[in-house]
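Coordinate analysis (summary)
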Amino acid sequence: MFHGRRGKSSRLRLALGSILPSAGLAAYDAAFVFFCAMNQPARGSLLDIEHLDSKEILRLLKLARGMNPRKPPPLLRHRRIALLFYEASTRTRSSFEIAAKALGAVTTLVQSSGSSIEKGESLIDTGYTLRAVGADAIVIRHPAAGAPHLMARHLDIPVINAGDGMHEHPSQALLDAFTILRHKKTLEGLQVTIIGDIYHSRVARSNCRLLSRFGAKIMLCGPPELVPQVSATLVPGLRITRHIDEALRGADVIMLLRVQQERLAGKKIHARDYIARYQMTAPRLKLAKRDAIVMHPGPIVRGLEVTSEVVDGSQSVIVDEVRNGVPTRMAILARALGKGK
Amino acid sequence: MLTAKSHKRDASLLIKGGHLIDPAAKINAPMDILLRDGRVAEVALPNKIRGGADEKFDARGLMVAPGFIDVHVHLREPGQSYKETIAFGTAAAAAGGFSSVCTMPNTSPVVDTDEWVAWLKQPQRGALVNVFPMAAATRGSRGSSLTDFAALQRAGAVAVTDDGRPILDDNIMRQALRLGAELNLPVVQHAEDTRLTEHCSMHEGPTSFRLGLRGMPAAAEASIVDRDVILAQQIRESRLHVAHVSTSEALKAVRRGKRAKARVSCEVTPHHFTLIDENVGEYDTLCKMNPPLRSASDREAILVALADGTVDAIATDHAPHAAHEKQVEFDRAAFGITGLETALALAITKLHRAYKIPLLRVVELFTAGPARVFDLRGRGSLAKGNFADVTIFDPQKRWTFEAANSRSRSHNTPFDGWQFTGKVLGTIVGGRVVYRTE
């Protein structure tokens, strides 16, 4: 979320209307004045796509297009950025770090193992600590949904969500939009198919929100364990199918997701079954539009959700996504520290 | 803290000018009430009570009701006094109009012996209102072997329960109901099939999906209530009380049991008839409780059940937690909220004023209903000779609840800053005024 106001200590009163004419249950919730005790996140925070203004999304994408990682502007010289990673990461961590350093910032990496987090320090206290050592912004990845929101409510420096549990991964959605727009003129009317583990995927949630906001038509595909019917409530107009052929027909963009074995928590998915029904193969790819692109946020499990032939094929933009992560995150960091003009 | 002993034995108190609502006695009229020696001495039409009283309570313009009974509170003693104590918790109860509370045994250690039950009732605990302990149904609430129900009952336990840890094992539940039937002791079930709710932190639905949180399916509650009701129907004279019912399917099961004349009762919390899962908003841990806030349609079913008599009692599930246990990631936050001081205000504001449930029925849910559920003889009604437990409230008074002013040791409530209509102005326990405010 980008927020216009900074005041941390000011509590926001939200008057949700005084007593409405009582009309049964419609008025049941309305007859109160709610007291909203939540502090506002600092300006420049990026917590999720859901509450991110469309104008801000466009501004970030424009800013990212202007970033050249080979000739970076030294916008963040002498600024300090803490990378707080409670969960494993290759792409996101390295690209945030390279983006920060390219802009001239100093970075420090804090991981759950080898830090006071192991000794039981709370998330908020860890935030205070990083603030006290001089961090100007915190990039956080955390296995618990909402962890960046919690931190942002207690800190007066921008908090950037680098993936929180199953909730959101806003920088990934931005770099995916950036990548799509390198290959397609507009998001409006694009047929986007997302195949795989939607339920556990923060990437799927962020991407659905961003792409549908700009008029893409989204189809989700996977077994009910991974694409429950409730997924359709995420954004308006979302469609679900259990048949990959139906999902692929006419698609402009195909996003593949990994089956997140580590988050399955009791749900049983049989690899052989999954491969038979949902694996992205070269013959299946032919069902999509001829100029369809294949995306994957990684990490890829070759031979499970996708064959090597597709990963390394001419329609794959998977490596581009990783590459585009750097300018996108440069834009996010520059914006966070007020340098995104 | 004052105890009943420091009070004169023949003290009398006249509650004058109020409007008595006593659902059990079918009274809903202006009445004066004379309390003497801890009992109700006389209930009469206005100005008909002759003779003096040591003290008078001017109840003009106010509602007078039997002392409220909360059959589900966590006062955290023994072992977790940093969250709450019996002294703090019963002070909060008094401020909420409750003259009696039934305490849950999931403390540290678990209240699974007669010694601990007796300990809870000792005067040293500093209770301001009546405390009726519930004891664990299985040893250590581990769900594998029953506790000594008879000894627990002799020590003063009014029911047995493994609250927070449901009794999943069919056979153990059957044994508990059987033994309970022999002793006329209710078995209270926290109905949750924990095999379906592992790692879950809220209700399963669009909101949990939106937030990326694992959701507890409504079926996890309903399936256990279903099973328990079937067992209760089969075991003669067994008494099943379903704690904090939160889903429409579970209410259907309760109705089935009642229709089949099984001794099945249930309670609903104020937060479940007030809030829904969407109120979790952006990970508000003050809206995290178990059972979780449910869907709007579940809440509607709850309102219907409160109105039609399916629900026997409003119980708060008062669950205090320290600030550091709530100011953490949503997944890691403790389940539960405090509720004693906001229960009546929510009931009047929501049930009576917004949903148009008659005040008589609302009061029944705080008095006659819970008294019947746990057989609290001489309470829940102000018939002559009953205990002199009285709650006096103003159903019109508008006020704002400030969590910072709560008498509980913890302030984990989602109702901070809420404007209510309806306020408790006096609580009397055993003839003694333990709470009074303007």
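Above this text sits the structure in question.
Residues numbered from 1 in each chain as written. Chains lettered and ligands numbered in written order. Predicted model: local features only at pLDDT ≥ 70, side-chain atom pairs only at ≥ 80, totals over all residues.

Moving on: the nonpolar core. Residues Ile33(B), Val64(B), Val160(B), Val254(B) and Leu306(B) are the most contacted members of the largest nonpolar core, which totals 129 residues. Looking at which element gives the most residues to this core, the answer is helix α11 (residues 343–354) of chain B, with eight residues. If you count residues domain by domain, this core takes at least three from each of domain 1 (4–64 + 387–436) and domain 2 (66–373) of chain B. In this structure Val160(B) touches Met134(B), Ala135(B), Ala136(B), Ala137(B), Thr147(B), Phe149(B), Leu152(B), Ala176(B), Gly180(B), Leu185(B) and Val187(B), once residues within four positions along its chain are discounted. By size, the runner-up hydrophobic cluster in this structure holds 108 residues, among which are Ala135(A), Val227(A), Ile293(A) and Met295(A). (Core = buried A, V, L, I, M, F, W, Y, C linked by C-beta atoms within 7 Å. Buried ≥ 20, exposed ≤ 12 C-beta atoms within 10 Å, placed from the backbone. Helix = DSSP H or I, 4+ residues; strand = E, 2+ residues; numbered from the N terminus. Domains from an automatic or database assignment. Contact = placed C-beta atoms within 7 Å.)

A few words on unusual backbone geometry. Residues and elements named next belong to chain B. Omega for the peptide link from Glu-77 to Pro-78 comes to 0 degrees, which places this bond in the cis form. In this structure, Pro-78 sits in the loop between β8 (68–73) and α1 (86–95). A cis amide bond links Ser-108 to the next residue, Pro-109, at an omega of 5 degrees. Positive phi is not limited to glycine here, since Lys-261 has a value of about 65 degrees. Relative to the elements of secondary structure, Lys-261 occurs in the loop between α7 (248–259) and β16 (263–268). Given 8 C-beta atoms within 10 Å, Lys-261 falls into the exposed group.

Moving on, we come to the pairing of strand β18 (residues 390–400) of chain B. Residue and element names in this part refer to chain B. Sheet topology note: the strand β7 (residues 63–66)/β18 ladder contains four bridges and is antiparallel. From the neighbouring strand, Pro-66 faces β18, where its bridge partner is Val-390. Of the strand pairs in this sheet, β18 and strand β19 (residues 419–429) are connected by eight bridges, and their pairing is antiparallel. Within β19, the residue paired with Asp-394 across the bridge is Lys-423. (Pairing = 2+ DSSP bridges.)

It is worth spelling out the packing of helix α6 (residues 219–234) of chain B against α7(B) at this point. Residues and elements named next belong to chain B. In contact at an axis separation of 8 Å, α6 and α7 are set at 5 degrees when each is read in the N-to-C sense. Put simply, α6 runs roughly parallel to α7. Where α6 abuts α7, its residues Glu-221, Ala-222, Val-225, Asp-226, Val-229, Ala-232 and Gln-233 lie against Glu-249, Ala-250, Ala-253, Val-254, Arg-256 and Gly-257. (Axes fitted to C-alpha atoms, helices over the stretch in contact; angles between N-to-C directions. Parallel < 35°, antiparallel > 145°, perpendicular 65-115°, else oblique.)

Time to look at helix α9 (residues 296–308) of chain B. All names here are of chain B. Relative to the 18 Å expected for 13 residues at 1.5 Å per residue, α9 spans 18 Å between its end C-alpha atoms, a close match to the ideal helical length. Burial in α9 covers these residues: Asp-298, Arg-299, Ala-301, Ile-302, Leu-303, Ala-305 and Leu-306. Contact partners of the buried residues in α9: α7, β16, α8 (270–274), α11 and α12 (359–366). Looking at the residues trailing α9, positive phi occurs at Gly-309, about 95 degrees. (Expected span 1.5 Å × (residues − 1).)

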